[in-house]
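Breakdown of the fold
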Amino acid sequence: LRPLALEHGSLSAALTTLLEAMTAGTGIRASIRTEGDVFAIPLDWEDDLLRIGQEALTNALKHATPTRIEATLRFSPAEIVLEVFDDGVGFDSSRASDGMGLTGMRERCARMGGRFELDTAPGRGVRIRATLALDC
């Protein structure tokens, strides 16, 4: 079952709608941009990237108290990258987490053969990056 947002639009449009809906009325400055020449990707990749973006936004809203969230979807001949940054409180990534959010994002990325990166520290916000290499 594909998310309705992907049934009626592109991954970029679905991410835009998601970001706008999740931050509406919060006072958070939210932005998303798509870079590069957009091309079709496997449907399961679209679904997993949308879910990774959704989880990153959910974590930011639930835990980070950000004033700004920025998302980027980058298409290049060699890779597709989804990056989500929030300027919230950050956290110590060496400490164990009770939630499944980060684990789920890592597992989705691994299932696509991608690389998941987490950059955070207390007081420094969070940046997640899911990179999918393309077989050229």
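Quick caveat, the model's predicted, so the values are computed rather than measured. (Residues numbered from 1 in each chain as written. Predicted model: local features only at pLDDT ≥ 70, side-chain atom pairs only at ≥ 80, totals over all residues. Heavy atoms only, no water.)

1. Examining the overall build of the protein
A tally of regular secondary structure across the protein gives four helices and five strands. In the protein, the succession of helices and strands from N to C terminus is α-α-β-α-β-β-α-β-β. Taking 14 Å as the expected radius of gyration for a compact globule of 136 residues, we find that the protein reaches 14 Å, a close match to that expectation. Along the three orthogonal principal directions, the C-alpha set of the protein runs to about 40 × 35 × 30 Å. The buried share of the protein, taken over its 136 residues, is 38%. Considering only intrachain contacts with a sequence separation of at least 6, the fraction spanning at least 24 residues in the protein is 69%. Only carbon and sulfur atoms are counted for the fraction: they give 51% of the accessible area of the protein, which is about 7600 Å². Averaging the locations of the 15 positively and 20 negatively charged side chains of the protein gives two centres separated by 4 Å. (Helix = DSSP H or I, 4+ residues; strand = E, 2+ residues; numbered from the N terminus. Rg over C-alpha atoms; globule rule 2.2 N^0.38 Å. Buried < 20%, exposed > 50% of the residue type's maximum accessible area, 1.4 Å probe, protein only. Contact = heavy atoms within 4.5 Å. Areas by Shrake-Rupley, 256 points an atom, 1.4 Å probe, with all protein chains shown as cover. Lys, Arg positive; Asp, Glu negative; His and termini not counted. Charge placed at Lys NZ, Arg CZ, Asp CG, Glu CD.)

2. A closer look at the packing of aromatic side chains
Taken as a whole and judged by the stated rule, the model has one aromatic pair. Taking 5.1 Å as the distance between ring centres and 80° as the angle between the ring planes, the aromatic pair formed by Phe39 and Phe75 counts as edge-to-face. Within this pair, whereas Phe39 is found in the loop between β1 (29–35) and α3 (43–64), its partner Phe75 is found in strand β2 (residues 68–75), the two being separated by 36 residues in sequence. Residue class for Phe39 comes out partly exposed when judged on its relative accessible area of 31%. Classification of Phe75 as buried rests on a relative accessible area of 7%. (Phe/Tyr/Trp six-rings, centres within 6.5 Å; stacked < 30°, edge-to-face > 60°.)

3. Quick look at the pairing of β1
Here β1 runs beside β2; their pairing, made up of seven bridges, is parallel. Counterpart to Arg29 in the pairing with β2 is Arg68. Each parallel crossover has a hand, and the one from β1 via α3 to β2 is left-handed. (Pairing = 2+ DSSP bridges. Right-handed = clockwise from strand over helix to strand, strands pointing away.)

4. Observations concerning the sheet that holds strand β3 (residues 79–86)
Reading across from one edge, β1-β2-β3-β5-β4 is the order of the five strands in this open sheet, with mixed pairing throughout. Looking at which strands have only one partner, the edges of the open sheet turn out to be β1 and β4 (115–120). On average, each strand axis in the sheet is tilted by 10° relative to the strand beside it, whichever way the strands run. Lying over the sheet, α3 contacts β2, β3 and β5 (126–133), oriented at roughly 10° with respect to β3. (Axes fitted to C-alpha atoms, helices over the stretch in contact; angles between N-to-C directions.)

5. Re unusual backbone geometry
For Thr65, which is not glycine, the phi dihedral falls at a positive 45°. Within the fold, Thr65 resides in the loop between α3 and β2.

On their own, these measurements won't tell you what the molecule is for.
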